[in-house]
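Listed below, chain by chain, are the residues.
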Amino acid sequence: MASFTEENYLKAIYFLSRTQSAGVSTNSIAHRLDTKASSVTDMLKKLSAKKWINYQKYQGVTLTTSGQRTALLIIRKHRLWEVFMVEKLNFKWDEVHEIAEQLEHVDSTELVDRLEEFLEYPKFDPHGDPIPDREGNVFHHKDLSLADLTTGESGVVVGVKDSSSAFLQHLESMGLVLGCPVTVKATYAYDKSMLISIKHKKTHTVSVQVSRNLYIKKHLDQ
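The structure displayed is predicted, hence computed values, not measured ones.

Student: Help me get a handle on the packing of aromatic side chains, residues and values and all.
Tutor: Under the defined criterion, the tally for this structure stands at three aromatic pairs. With 5.6 Å between their ring centres and 65° between their planes, Tyr-14 and Phe-15 make a pair best called edge-to-face. Residue classification places Tyr-14 among the buried residues on the basis of a relative accessible area of 6%. A centroid spacing of 6.4 Å and a plane angle of 55° characterise the contact between Phe-84 and Phe-118, whose relative ring orientation is tilted. Of this pair, Phe-84 sits in helix α4 (residues 65-88) while Phe-118 is found in helix α6 (residues 109-118), placing the two residues 34 residues apart along the sequence. Taken together, the aromatic side chains of Trp-81, Phe-84 and Phe-118 make up a single cluster linked through ring pairs. In this structure, Lys-88 is placed above the aromatic ring of Phe-118, and the distance from its NZ or CZ to the ring centre is 5.3 Å.

Right, dumping it as structure tokens:
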């Protein structure tokens, strides 16, 4: 069984590995977890001894099959608890991440399986992130963002890359939430900002930072 800290490291390595083709560096782990590189090195040795990672000094870190499965099951718990809090306890989508960070460390497979059943087997969390199944299988979004659409193209918001409270609150203030249809009305060359229509009604200008952080499912007829 992994400790609280070990689980956080495995989860961090998993997320970093999705954006880094080579192994994950010690410095990138230290930055993500806001800790010292020397502390990371000590933990990597422990994780390597438990066969959860492949680690050699001065080379990138990769998860073993066992390490990846452990990381995905932690993520599974986190995202199921987020669904529970939003759907059953009426939390807002920007309020659940930090609480789920605590609940994800509850060590009970039976509890998590019953939670999933109670929630009627959701496939995505409140931010549109896919929920791994009990075997650790997960289906990720295609890497298509609002910024990838051109003028006249439409799609539906299916997820967010940035799940910070500030970003989610900003989206909600515009009514730009999951399941929302959007159409690009114009893209401005100066700063790559976009004029978009939301739900075929109101229009908003969004920055390139916003458009790059929204996952979109493009309409099939385009």
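Following the structure, the description resumes.
Student: Any details on the pattern of salt bridges? Residues and values, ideally.
Tutor: In the structure shown here, the tally under the stated rule is nine salt bridges. The partner of Arg-79 in a salt bridge is Asp-125, and the shortest N-O contact between them spans 3.9 Å. Remark: Asp-125 occurs in the loop between α6 and β3 (154-160) and Arg-79 occurs in helix α4; sequence separation between them is 46 residues. Residues Arg-79 and Asp-125 agree in their burial class; the two are buried. Among the ionic contacts, a cluster of salt bridges with common partners joins Arg-76, Asp-113, Glu-116 and Arg-134.

Student: Break down α6 for me, citing the residues and quoting the values.
Tutor: For α6, the complete set of buried residues consists of Val-112, Asp-113, Leu-115 and Glu-116. Looking straight down α6, one finds its buried side chains confined to an arc of 160°; they lie on one side. In this structure, the buried residues of α6 make contact with α4. At the C-terminal side of α6, Glu-120 shows a positive phi close to 65°.

Student: Provide a residue-level description of the packing of helix α2 (residues 26-33) against helix α3 (residues 37-49), including the pertinent values.
Tutor: At a closest axis distance of 9 Å, the pairing of α2 and α3 adopts a crossing angle of 110°. When the axis of α2 is compared with that of α3, the two are roughly perpendicular. Between α2 and α3, the residues in contact are Thr-26, Asn-27, Ile-29 and Ala-30 and Ala-37, Val-40, Thr-41 and Leu-44, respectively. Along the lines of polarity and charge, the residues of the contact of α2 with α3 split into five nonpolar, three polar and no charged.

Student: Go over the nonpolar core, please, and point to the residues and values.
Tutor: In this structure, Leu-10, Ile-13, Ile-29, Leu-44, Leu-47, Ile-53 and Leu-63 are the most contacted members of the largest nonpolar core, which totals 21 residues. At the level of elements, α1 (4-17), α2, α3 and α4 are the ones that each hand at least two residues to this core. Broken down by element, this core gets its largest block of residues, five residues, from α1. Filtering out sequence-adjacent residues up to four positions away, Leu-10 remains in contact with Leu-47, Trp-52, Ile-53, Leu-63, Thr-70 and Ala-71. Leu-146, Leu-149, Leu-176 and Val-182 belong to the second-largest nonpolar core, a separate cluster that totals 20 residues.

The rules behind each value
- All residue numbers here refer to positions counted from 1 along the written sequence of the relevant chain.
- The predicted nature of this model means local features are confined to residues of pLDDT at least 70 and side-chain atom pairs, given and counted, to a pLDDT of 80 or more, with totals for whole chains, interfaces and linings taken over all residues.
- Values reported for side chains reflect all heavy atoms of the structure, with hydrogen atoms and water molecules removed beforehand.
- Stacked, tilted and edge-to-face are the three classes assigned to paired rings of Phe, Tyr and Trp, where Trp is represented by its six-membered ring and a pair needs centres within 6.5 Å; plane angles under 30 degrees give stacked, over 60 edge-to-face, the rest tilted.
- Under the scheme applied here, a residue whose accessible area is under 20% of the maximum for its type counts as buried, over 50% as exposed, and between as partly exposed, the area being computed with a 1.4 Å probe on protein chains only.
- Numbering of helices and strands runs from the N terminus, with a helix taken as a DSSP run of H or I at least four residues long and a strand as a DSSP run of E at least two residues long.
- In this scheme, Lys NZ or Arg CZ marks a charge over a ring once it lies within 6 Å of the ring centre and within 35 degrees of the ring normal.
- We define a salt bridge as a contact between a side-chain nitrogen of Lys or Arg and a carboxyl oxygen of Asp or Glu at a distance within 4 Å.
- Throughout, the arc means the angular range of directions from the helix axis out to the C-beta atoms.
- Contacts are assigned to residue pairs with any non-hydrogen atoms lying within 4.5 Å of each other.
- Each axis is a line fitted through C-alpha atoms, taken for helices only over the stretch in contact, and angles between the N-to-C directions span 0 to 180 degrees.
- In these notes the angle categories are as follows: under 35 degrees is roughly parallel, over 145 is roughly antiparallel, 65 to 115 is roughly perpendicular, and the rest is oblique.
- Classification convention: Asp, Glu, Lys, Arg as charged; Ala, Val, Leu, Ile, Met, Phe, Trp, Tyr, Cys, Pro as nonpolar; all other residues, Gly among them, as polar.
- Grouping buried Ala, Val, Leu, Ile, Met, Phe, Trp, Tyr and Cys residues that are joined through side-chain atoms within 4.5 Å yields what is termed a nonpolar core.

Note that all results are geometric; they support no functional claim without further evidence.
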